[in-house]
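Okay, here's what each chain looks like letter by letter:
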Amino acid sequence: EAQVTQNPRYLITVTGKKLTVTCSQNMNHEYMSWYRQDPGLGLRQIYYSMNVEVTDKGDVPEGYKVSRKEKRNFPLILESPSPNQTSLYFCASSPMTSGSREQYFGPGTRLTVT
Amino acid sequence: GENVEQHPSTLSVQEGDSAVIKCTYSDSASNYFPWYKQELGKGPQLIIDIRSNVGEKKDQRIAVTLNKTAKHFSLHITETQPEDSAVYFCAAMETSYDKVIFGPGTSLSVIP
């Protein structure tokens with residue numbers, strides 16, 4: 001089944017404790033992206049990647065890191081989480097070579113930082 | 001940079017009526033405008049999209065119109081059904097940069 005998977009789905013952590021949210025897709029998509037969703041603000045893009053070893057900042061990159069060492073994986077790293085990073089996070093992937101720009105979203109990761 | 005506004009933020013309609021959601025964008029270089037539907041507890045899912053070289057696109061009960069001059073685009077849902085109840089997001093994208101800006105979302109409730 002074609003899908004985007006994220007782990008964990010729920011995470012409660014404390015300020016300053018490094019964490020990684022994994023994202024993996026099995027559709028051989030070139031493009032991958034991370035978003036955070038907050039009430040009233042919609043989806044805001046954190047980082048995106050158009051290919052292996054190529055990453056670019058979205059609208060809200062501060063406090064986050066990403067890497068794209070393999071085509072299928074795009075982990076989101078919070079080196080020193082803070083309470084304002086409490087949010088619902090979505091990973092998405094999209095083909096680029098086929099001309100389509102449809103993004104396929106994962107199920108989301110709800111992160112709480114205390 | 002690009003900014004996308006979306007109205008209304010909430011919308012209630014009777015089953016069978018039409019629903020219209022409007023978005024405006026600021027960057028004239030944007031050339032791709034998708035609409036996503038997000039059901040409770042799930043990730044968003046594409047329902048329809050339009051490119052800047054097209055003024056209107058229709059898929060069964062869903063249609064999108066684009067006015068490039070005015071920089072706005074709209075989602076039209078006809079003959080609404082309870083299963084159309086969800087949050088809808090518009091977005092704008094300049095495809096050579098692949099940076100996507102989403103609107104804040106519209107919560108649609110279809111009352112049986």
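Everything numeric here is computed off the predicted structure, so don't read it as measured data.

Description of the sheet that holds strand E7 (residues 62-67) of chain B
Residue and element names in this part refer to chain B.
Phase 1: Read across the open sheet, the 5 strands follow the order E1-E3-E8-E7-E6; overall the sheet is antiparallel. The open sheet has two edge strands with one neighbour each: strand E1 (4-7) and strand E6 (56-59). Ignoring strand direction, the axes of neighbouring strands in this sheet form an average angle of 15°.
Phase 2: As paired elements, E7 and strand E8 (residues 72-77) share 6 bridges and run antiparallel to each other.

What to know about the nonpolar core
Phase 1: Membership of the largest hydrophobic core comes to 25 residues, with the highest contact counts inside it found for Trp35, Phe73, Leu75, Tyr88 and Leu108 of chain B.
Phase 2: Those elements that place two or more of their residues in this core are strand E2 (10-14), strand E3 (19-25), strand E4 (32-38), strand E5 (45-51), E7, E8, strand E9 (86-94) and strand E11 (106-111) of chain B.
Phase 3: Val60, Leu78, Tyr89 and Leu111 of chain A belong to the second-largest nonpolar core, a separate cluster that totals 19 residues.

Focus: the pattern of salt bridges
Residues and elements named next belong to chain A.
Phase 1: For the structure shown, the criterion picks out 10 salt bridges over all chains.
Phase 2: Here Asp38 and Arg36 are joined by a salt bridge, their closest N and O atoms 2.8 Å apart.
Phase 3: Between Asp38 and Arg44 there is a salt bridge, with the nearest N and O atoms lying 2.8 Å from each other.
Phase 4: Shared partners join several salt bridges into a network, and the residues in it are Lys18, Lys65 and Glu79.

Remarks on the interface of chain B and chain A
Phase 1: Contact with chain B, which involves 20 residues of that partner, is made by 24 residues of chain A.
Phase 2: Of the roughly 1700 Å² buried between chain B and chain A, counting both surfaces, carbon and sulfur atoms make up 52%.
Phase 3: It is Asp98, Lys99 and Phe102 of chain B that lose the most area in chain B upon contact with chain A, and together they represent 30% of the buried surface on that side.
Phase 4: Across the contact surface, chain B and chain A share 1 salt bridge.
Phase 5: Where Lys99 of chain B meets Asp59 of chain A, a salt bridge forms, and the shortest distance between an N and an O atom there is 3.4 Å.
Phase 6: Here chain B is connected to chain A by 4 residue pairs in polar contact (both at pLDDT 80 or more).
Phase 7: Listed by contribution, the elements that provide at least two residues to the side of chain B that touches chain A are E4, E5, E9 and strand E10 (99-102) of chain B.
Phase 8: Broken down by element, the side of chain B that touches chain A gets its largest block of residues, 4 residues, from E10 of chain B.
Phase 9: The class makeup of the residues in the side of chain B that touches chain A is 11 nonpolar, 5 polar and 4 charged.

Parameters and conventions
- Residues numbered from 1 in each chain as written.
- Chains lettered and ligands numbered in written order.
- Predicted model: local features only at pLDDT ≥ 70, side-chain atom pairs only at ≥ 80, totals over all residues.
- Heavy atoms only, no water.
- Pairing = 2+ DSSP bridges.
- Helix = DSSP H or I, 4+ residues; strand = E, 2+ residues; numbered from the N terminus.
- Axes fitted to C-alpha atoms, helices over the stretch in contact; angles between N-to-C directions.
- Core = buried A, V, L, I, M, F, W, Y, C linked by side-chain atoms within 4.5 Å.
- Buried < 20%, exposed > 50% of the residue type's maximum accessible area, 1.4 Å probe, protein only.
- Salt bridge = Lys/Arg side-chain N within 4 Å of Asp/Glu carboxyl O.
- Contact = heavy atoms within 4.5 Å.
- Buried area = accessible area lost by both parts, 1.4 Å probe.
- Polar contact = N/O pair within 3.5 Å; in protein donor to acceptor, adjacent residues only side chain to side chain.
- Nonpolar A, V, L, I, M, F, W, Y, C, P; charged D, E, K, R; others polar.

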